[in-house]
Amino acid sequence: MRSFGVTVAMTIVIGFEGSANKIGVGIVKDGEVLSNPRRTYITPPGQGFLPRDTAKHHRQCVLDLTREALDQAGIRPEDIDCVAYTKGPGMGAPLVCVAIVARTLSQLWNRPLLGVNHCVGHIEMGRLITGATNPTVLYVSGGNTQVIAYSEQRYRIFGETIDIAVGNCLDRFARVLKISNDPSPGYNIEQMAKQGTVFVDLPYTVKGMDVSFSGILSHIEDVAEVMIATGKYTAEDLCYSLQETVFAMLVETTERAMAHCGSEEVLIVGGVGCNRRLQEMMGVMCEQRGAKVFATDERFCIDNGAMIAQAGWEMFRAGQVTALEDSWITQRYRTDEVKVTWRE
Ligand code: MG
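Residues numbered from 1 in each chain as written. Predicted model: local features only at pLDDT ≥ 70, side-chain atom pairs only at ≥ 80, totals over all residues. Heavy atoms only, no water.

1. Focus: the packing of aromatic side chains
Remark: the centre distance and the inter-plane angle together describe each pair of aromatic rings, the angle taken between the planes. On inspection of all chains with the given rule, the structure shows 2 aromatic pairs. Taking the centre distance of 5.7 Å and the plane angle of 65 degrees together, the rings of Tyr150 and Tyr155 count as edge-to-face. The same class applies to Tyr150 and to Tyr155, which are both buried. Centroid distance Phe199 to Tyr240: 6.2 Å. Interplanar angle 85 degrees. Geometry classified as edge-to-face. Remark: Tyr240 occurs in helix α7 (residues 235-261) and Phe199 occurs in the loop between α5 (185-193) and β10 (206-207); sequence separation between them is 41 residues. Phe199 sits in the partly exposed class, given a relative accessible area of 40%. Looking at Tyr240, the relative accessible area reads 23%, which means it is partly exposed. (Phe/Tyr/Trp six-rings, centres within 6.5 Å; stacked < 30°, edge-to-face > 60°. Buried < 20%, exposed > 50% of the residue type's maximum accessible area, 1.4 Å probe, protein only. Helix = DSSP H or I, 4+ residues; strand = E, 2+ residues; numbered from the N terminus.)

Okay, here's the thing in structure tokens:
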């Protein structure tokens, strides 16, 4: 491996994230988050975000955001030791935009590149912020739904969605009801769900350790408008019922993974992970098992640059760097493909 003359004892990593509709640049110095600015591409109610438009948004923001991250951290480019970026999984065009910026800065600044698995970024950020040592991880977002536990240098997937992610189910439900995407559809569903009083039975789809959300979504897409038109149910009732149903599925599979591993910690990461009702339901299950639930707030559980910097910092410490010719992106990149050489 090429030596960059960097002292590992005091390492400053800049991380670039842009795999979906957020673009984030974060700077981390040995476990301390120095800055973590982020912008979100917000679409009108009823609309999702398309790769091409999202990449355009990221291209327009990324340089200003990089300047902002440096200024907030109070450091100069020459203080940076490594440049980390999200290699995947995610949407192709937005990933490419971020990879090009990271690759360019790595060459301009003559610093090593670190291609980070986005899911591993979430896990390492969660571990850093909460102090959970060896948790069973529930990773829930717009693009991912996985129950993960660490074993023998891999983050192993115990259960996952067999179709769409839980966050995608919530986002698309929000589009049916024309719920605002600002600040996020999930946040607005969470607020509306608090006003819900009538529970509507929805399909509950757990298959072994795996979950499925596409059938629940198409069911609720079919019935939502008709149900609200009867006057017997409100949009708030549907938000409440959908949350209770899909979160119960996630808590059930997480509990089974914990029982298998003998785990006493759960860490919830990913954008859906800042939902307080999900955290509360997970807390009830954990309390009954004598376990503890760890979660972070929206600064760290929603996609951000610092999580990529933090996972990059772990990789670099363990001697993993990404050669320029390997600095491509990939839309499919499973959590368990990464050799976690930084953990015992
Ligand atoms: Mg994510």
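Anyway, onward from the coordinates.
2. A look at the pattern of salt bridges
Per the counting criterion, the structure on display carries 13 salt bridges. With a shortest N-O distance of 3.8 Å, Glu78 and Arg76 are connected by a salt bridge. In this structure, the salt-bridge partner of Arg299 is Asp297, at a minimum N-O distance of 2.7 Å. Assessed through its relative accessible area of 28%, Asp297 is described here as partly exposed. In the salt-bridge network here, residues are joined through shared partners; they are Arg76, Glu78 and Asp79. (Salt bridge = Lys/Arg side-chain N within 4 Å of Asp/Glu carboxyl O.)

Honestly, it's all geometry; don't read function into it.
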